[in-house]
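Survey of secondary and tertiary structure
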Amino acid sequence: MKRIQLFEFEDFSWFPSGLRNGMTNLIAVLHRMMGISEVLADCIGEVLQEQQVSRIVDLGSGSGGPMPEVLKIIHEKKELENVELLLTDLYPNPHAIKKFDRSEGDKISYSESPVDAKDLKNAPDGLLTMINSFHHMRPKEAREILASATERGQSILIYEMVENKMPLFLWWLLLPLSLTILIIMVFFMTPFVKPLTWRQIFFTYLLPVIPICYAWDGQASMPRIYALKDIDLLLEGLPTDKYVWEQGYPLKKNGKKLGTYLKGTPLKQNFSGS
Ligand SMILES: C[S@@+](CC[C@H](N)C(=O)[O-])C[C@H]1O[C@@H](n2cnc3c(N)ncnc32)[C@H](O)[C@@H]1O
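Criteria and thresholds
- Throughout this document, residue positions are counted from 1 along each chain, in the order its sequence is written.
- With the structure being a predicted model, the display of local features is reserved for residues of pLDDT at least 70 and the display and counting of side-chain atom pairs for 80 or more, all residues being used for whole-chain, interface and lining totals.
- For the side-chain quantities, the full set of heavy atoms in the structure was used; hydrogens and water were omitted.
- In this text, near means that some heavy atom of the residue lies within 4 Å of the molecule or strand in question.
- Polar contacts here mean pairs of N or O atoms no more than 3.5 Å apart (in protein, one a potential hydrogen donor and the other a potential acceptor; neighbouring residues in sequence count only if both atoms are side-chain atoms).
- Only DSSP runs of H or I reaching four residues or more are called helices, and only runs of E reaching two or more are called strands; each is numbered from the N terminus.
- Residues are sorted three ways: Asp, Glu, Lys and Arg are charged, Ala, Val, Leu, Ile, Met, Phe, Trp, Tyr, Cys and Pro are nonpolar, and all the rest, Gly among them, are polar.
- Throughout, nonpolar core names a set of buried Ala, Val, Leu, Ile, Met, Phe, Trp, Tyr and Cys residues whose side chains join them through atoms within 4.5 Å.
- Partly exposed describes any residue whose relative accessible area lies between the buried limit of under 20% and the exposed limit of over 50%, with all areas from a 1.4 Å probe on protein chains only and scaled to the type maximum.
- Note on contacts: a residue pair qualifies if any of its non-hydrogen atoms lie within 4.5 Å across the two residues.
- Grid points spaced at 1 Å over the protein atoms alone were grouped into cavities, where a 1.4 Å probe fits but cannot get out, and pockets, open sets with protein on both sides within 12 Å along at least five of seven lines, with lining residues defined by an atom within 4 Å of a point.
- Grid points are joined across faces, edges and corners, and a volume is the space filled by probe spheres set on the points.
- For two strands to be treated as a pair, DSSP must find no fewer than two bridges joining them.
- Axis definition: a line fitted to C-alpha atoms, limited for helices to the stretch in contact. Angles are taken between N-to-C directions and run from 0 to 180 degrees.
- Under the convention used throughout, the expected extent of a helix is 1.5 Å for every residue step, that is, one less than its residue count.
- Whether two aromatic rings pair depends on their centres lying within 6.5 Å, for rings of Phe, Tyr and Trp, where Trp uses its six-membered ring; planes under 30 degrees apart make the pair stacked, over 60 edge-to-face, and the rest tilted.
- The term salt bridge refers to a pairing of a side-chain nitrogen on Lys or Arg with a carboxyl oxygen on Asp or Glu at a separation within 4 Å.

1. Focus: the site of the ligand
Near the ligand you find 22 residues, and of these Gly60, Asp89, Asp116, Ala117 and Ile131 are the closest. Note that a nitrogen atom of the ligand is positioned 2.8 Å from one of the backbone N or O atoms of isoleucine 131. In terms of residues, the shell around the ligand owes the most to one element, helix α1 (residues 17-34), which gives three residues. For the shell around the ligand, a count of residues per class yields eight nonpolar, nine polar and five charged.

2. Thoughts on the nonpolar core
Core analysis: the biggest nonpolar cluster contains 49 residues, and Leu40, Ile44, Leu48, Ile56, Met67, Ile74 and Tyr214 have the highest contact counts within it. Among the elements that make up this core, the one with the highest residue count is helix α2 (residues 36-51) (eight residues). Isoleucine 44 has contacts with Ile56, Met67, Val70, Ile74, Leu127, Thr129 and Leu157, leaving out every residue within four places of it along the chain. Of all hydrophobic cores here, the second largest spans 26 residues; its members include Ala123, Ile156, Ile231 and Leu234.

3. Things to note about the layout of surface pockets
Estimated volume of the second largest pocket: approximately 550 Å³. Lining of the second largest pocket is provided by 26 residues; of these, Gly65, Pro68, Glu69, Lys99 and Phe100 occupy positions nearest its centre. Of the residues contributing to the lining of the second largest pocket, the split by class is eleven nonpolar, eight polar and seven charged.

4. What about the sheet that holds strand β6 (residues 243-248)?
Reading across from one edge, β3-β2-β1-β4-β5-β7-β6 is the order of the seven strands in this open sheet, with mixed pairing throughout. Both edges of this open sheet fall to β3 (108-110) and β6, since each of them pairs with a single strand only. Ignoring which end each strand starts from, the neighbouring axes of this sheet average 15° apart. Relative to β3, strand β2 (residues 84-87) runs parallel, the two sharing three bridges. Following the sheet pairing, leucine 87 is matched in β3 by tyrosine 110. Contacting β4 (127-131), β5 (156-160), β6 and β7 (260-266), helix α5 (residues 139-152) runs over the sheet at an angle of about 135° to β6.

5. Examining α2
With 16 residues, α2 should cover 22 Å at 1.5 Å per step; its first-to-last C-alpha distance of 23 Å lies within 8% of that length. Those residues of α2 that fall on the buried side of the exposure criterion are Ile36, Ser37, Val39, Leu40, Ala41, Cys43, Ile44, Gly45, Val47, Leu48 and Gln51.

6. Structural notes on the packing of aromatic side chains
In the structure shown here, the tally under the stated rule is twelve aromatic pairs. Taking 5.3 Å as the distance between ring centres and 50° as the angle between the ring planes, the aromatic pair formed by phenylalanine 134 and tyrosine 226 counts as tilted. Taken as a pair, phenylalanine 134 in the loop between β4 and α5 and tyrosine 226 in the loop between α8 (209-224) and α9 (228-235) lie far apart in primary sequence, 92 residues in all. Between tyrosine 243 and tryptophan 245 the ring centres are 5.0 Å apart and the planes differ by 55°, which places this aromatic pair in the tilted class. Of the two residues examined, tyrosine 243 and tryptophan 245, each falls in the buried class. Among the aromatic side chains, those forming a connected cluster through ring pairs are Phe7, Phe9, Phe12, Trp14, Phe15, Trp171, Trp172 and Trp216.

7. Considerations on the pattern of salt bridges
For the structure shown, the criterion picks out twelve salt bridges. Of the charged contacts in the structure, one is a salt bridge between glutamate 8 and arginine 224, with a shortest N-O distance of 2.6 Å. In this pair, glutamate 8 sits in the segment before α1 while arginine 224 sits in helix α8, placing the two residues 216 residues apart along the sequence. Taking the relative accessible area as the measure of exposure, glutamate 8 reaches 2% and is therefore buried. Between lysine 77 and aspartate 42 there is a salt bridge, with its nearest N and O atoms 3.0 Å apart. You can see lysine 77 sitting in the loop between α3 (67-75) and β2 and its partner aspartate 42 sitting in helix α2, a full 35 residues away along the chain. On the basis of relative accessible area, aspartate 42 is assigned to the partly exposed category, the value being 34%. Ionic contacts of the salt-bridge type, sharing partners, join the residues Glu46, Glu50, Glu246 and Lys263 into one network.

Geometry only, nothing functional implied.
And the structure:
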């Protein structure tokens, strides 16, 4: 496999939730900057229409990432006006829970109880999405997620905003430079964080723990992402008679690739009797 297992601060249960939330808030800013919501809304909208599903269950949501914006765009599409979004995470984000409590009538809620993506047996019904969170799963767990979705006949859409294609030696070589660039970027991105708290400001500009951890996790994510060929390995041996897998590159309006996706959907039953 091209993917390697590195640590990310975000994954440690002892990592302070305030810092973790500060980091996922920054990822949400990055999504807005890159225009990921539009691309995702097209991919997700297609599956919802094809499979006639009216709920999205997002796993590893962090502070929500691009999904609230994605839902807004989806609501503008024909027959998808009533789609609901349930955000979940192994470490639920208290600010996001408060923000997305359905009171706005926006059809978004955030599960207060932790939901482990590795344990899909009891996952709520709906289209499962994993946005920039699949790389957190080790190969055995990643395969179990795919196998579980197949067994349950539940649609799943996995998206990573970067493709893992850089040779590893080059990644190590460029690491000091990439970390420095990311740390500096955080200083400029932070004013766009919503909601911007004193804690986020303190741990960015006065004691820059968030920029350092964000930069490391951002860089460590890249070689942890499953390359398209790695995904082929994960899918090997899964039954294909009732379930189809498709992977590729979502395209922006200007035709440029933006990240990679893996889509799994149950085959539609033919009830024609023929
Ligand atoms: C890189 S963040 C992505 C957050 C959000 N989806 C986005 O795109 O901004 C990865 C998220 O996965 C969560 N996570 C890690 N392991 C998980 C697991 N086993 N089950 C559910 N969530 C997990 C982390 O807590 C973190 O919020």
